[in-house]
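An overview of the molecular structure
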Amino acid sequence: GAVVSQHPSWVICKSGTSVKIECRSLDFQATTMFWYRQFPKQSLMLMATSNEGSKATYEQGVEKDKFLINHASLTLSTLTVTSAHPEDSSFYICTGGQETQYFGPGTRLLVL
Amino acid sequence: RKEVEQDPGPFNVPEGATVAFNCTYSNSASQSFFWYRQDCRKEPKLLMSVYSSGNEDGRFTAQLNRASQYISLLIRDSKLSDSATYLCVVNVTSYDKVIFGPGTSLSVIP
């Protein structure tokens, strides 16, 4: 299957700092990628749809100014958690693909 | 109503048992369907696609009923390694959106 990478896999940061997570499609071009968040023992929640060359589409309740998404190329989408707070601590996963979605390995964010 | 709903679980079954997971979706424009499995603290991985004619992959059988907007996954002869959370996934192509169900947890007990 297609390969999606994410970086970093783990982040521990202080409250108030910004964290950037990269999602790359390694062997396919992704005009659209999706960003999900998963809290412990909960299901994946779609945060936003990242669109190459245009603005991201955010799900209801997700602050676009807090979770900045940039999809400047067909192989890279970035999610920046601005002014992170402890409640932003979560598992962030991106997906990309054509009909089948392939997941990145995820990024665990812990905000102290 | 949620767009994709699944059996709440958890399912605790002995090794060798047959277990069935059910999933319903609300958007009739949904066009592609998948089952993913997610191991604890890992990302979901594609288990199998679901086709209208039904499809089988070893011990796993997936079925789709478009009229009822219902998807199922059957696991025969359960193994300990089948323990995971199973996610029903629906691709609404017209909206370019992929919707995940909440997942059903399976524990296979020795």
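This structure is a prediction, so every number in the text was calculated from the model and none was measured.

Focus on the overall build of chain B
- Scanning chain B for helices and strands turns up zero helices and eleven strands.
- Along chain B, from the amino end to the carboxyl end, the secondary structure elements read β-β-β-β-β-β-β-β-β-β-β.
- Since a compact globule built from 110 residues should have a radius of gyration of about 13 Å, the 13 Å found for chain B is in line with a globular shape.
- The dimensions of chain B, computed from C-alpha atoms along their principal axes, are 45 × 30 × 20 Å.
- Looking at the 110 residues of chain B, the share that counts as buried comes to 47%.
- In chain B, 56% of the contacts between residues at least 6 apart in sequence involve partners at least 24 apart.
- Total accessible area on chain B stands at roughly 5,300 Å², and carbon and sulfur atoms take up 49% of it.
- Of note, chain B has its 11 positive side-chain charges centred 3 Å away from the centre of its 11 negative side-chain charges.

A closer look at the packing of aromatic side chains
- This model, assessed by the stated rule, comprises eleven aromatic pairs over all chains.
- Ring centres of A:Tyr36 and A:Phe103 lie 6.3 Å apart, and the angle between their planes is 45°; on these two criteria the pair is classed as tilted. Residue A:Tyr36 is located in strand β4 (residues 32-38), and its partner A:Phe103 is located in strand β10 (residues 102-103); the two are separated by 67 residues in the primary sequence.
- Accessibility expressed as a relative area gives 1% for A:Tyr36, which makes it buried.
- Ring plane angle 40° and centroid distance 6.5 Å describe the contact between B:Phe21 and B:Trp35, whose orientation is recorded as tilted. Placement of B:Phe21 in strand β3 (residues 19-25) and of B:Trp35 in strand β4 (residues 32-38) is noted, with a sequence separation of 14 residues between them.
- B:Phe21 sits in the buried class, given a relative accessible area of 0%.
- Classification of B:Trp35 as buried rests on a relative accessible area of 0%.
- Ring pairing ties together the aromatic residues A:Tyr36, A:Phe103, B:Phe34, B:Tyr36 and B:Phe100, which thus form one cluster.

Structural notes on the pairing of strand β8 (residues 76-81) of chain A
Residue and element names in this part refer to chain A.
- Counting buried residues in β8 gives five out of six residues, a clear majority hidden from the surface.
- Here strand β3 (residues 19-25) pairs with β8 via six bridges, running antiparallel. Directly across from Glu22, in β8, lies its bridge partner Thr78.
- In this sheet, β8 lies alongside strand β7 (residues 67-73) in antiparallel orientation, the contact comprising five bridges. Residue Ile69 lies in a different strand from β8, and its bridge partner there is Leu79.
- Where β7 hands over to β8, the hairpin turn is made up of two residues, counted between the paired strands.

Description of the interface of chain A and chain B
- The interface of chain A with chain B comprises 20 residues on the first partner and 18 residues on the second.
- For the pairing of chain A and chain B, the buried interface totals around 1,500 Å² over both sides, and the portion due to carbon and sulfur atoms is 55%.
- Counting across the interface, chain A meets chain B through four residue pairs in polar contact (both at pLDDT 80 or more).
- Listing elements by their share of the side of chain A that touches chain B, those giving two or more residues are β4, β9 (90-96) and β10 of chain A.
- For the side of chain A that touches chain B, the element with the highest residue contribution is β4(A), accounting for four residues.
- Looking at side-chain class alone, the side of chain A that touches chain B contains ten nonpolar, seven polar and three charged residues.

Reading guide: rules and limits
Residues numbered from 1 in each chain as written. Chains lettered and ligands numbered in written order. Predicted model: local features only at pLDDT ≥ 70, side-chain atom pairs only at ≥ 80, totals over all residues. Heavy atoms only, no water. Helix = DSSP H or I, 4+ residues; strand = E, 2+ residues; numbered from the N terminus. Rg over C-alpha atoms; globule rule 2.2 N^0.38 Å. Buried < 20%, exposed > 50% of the residue type's maximum accessible area, 1.4 Å probe, protein only. Contact = heavy atoms within 4.5 Å. Areas by Shrake-Rupley, 256 points an atom, 1.4 Å probe, with all protein chains shown as cover. Lys, Arg positive; Asp, Glu negative; His and termini not counted. Charge placed at Lys NZ, Arg CZ, Asp CG, Glu CD. Phe/Tyr/Trp six-rings, centres within 6.5 Å; stacked < 30°, edge-to-face > 60°. Pairing = 2+ DSSP bridges. Buried area = accessible area lost by both parts, 1.4 Å probe. Polar contact = N/O pair within 3.5 Å; in protein donor to acceptor, adjacent residues only side chain to side chain. Nonpolar A, V, L, I, M, F, W, Y, C, P; charged D, E, K, R; others polar.

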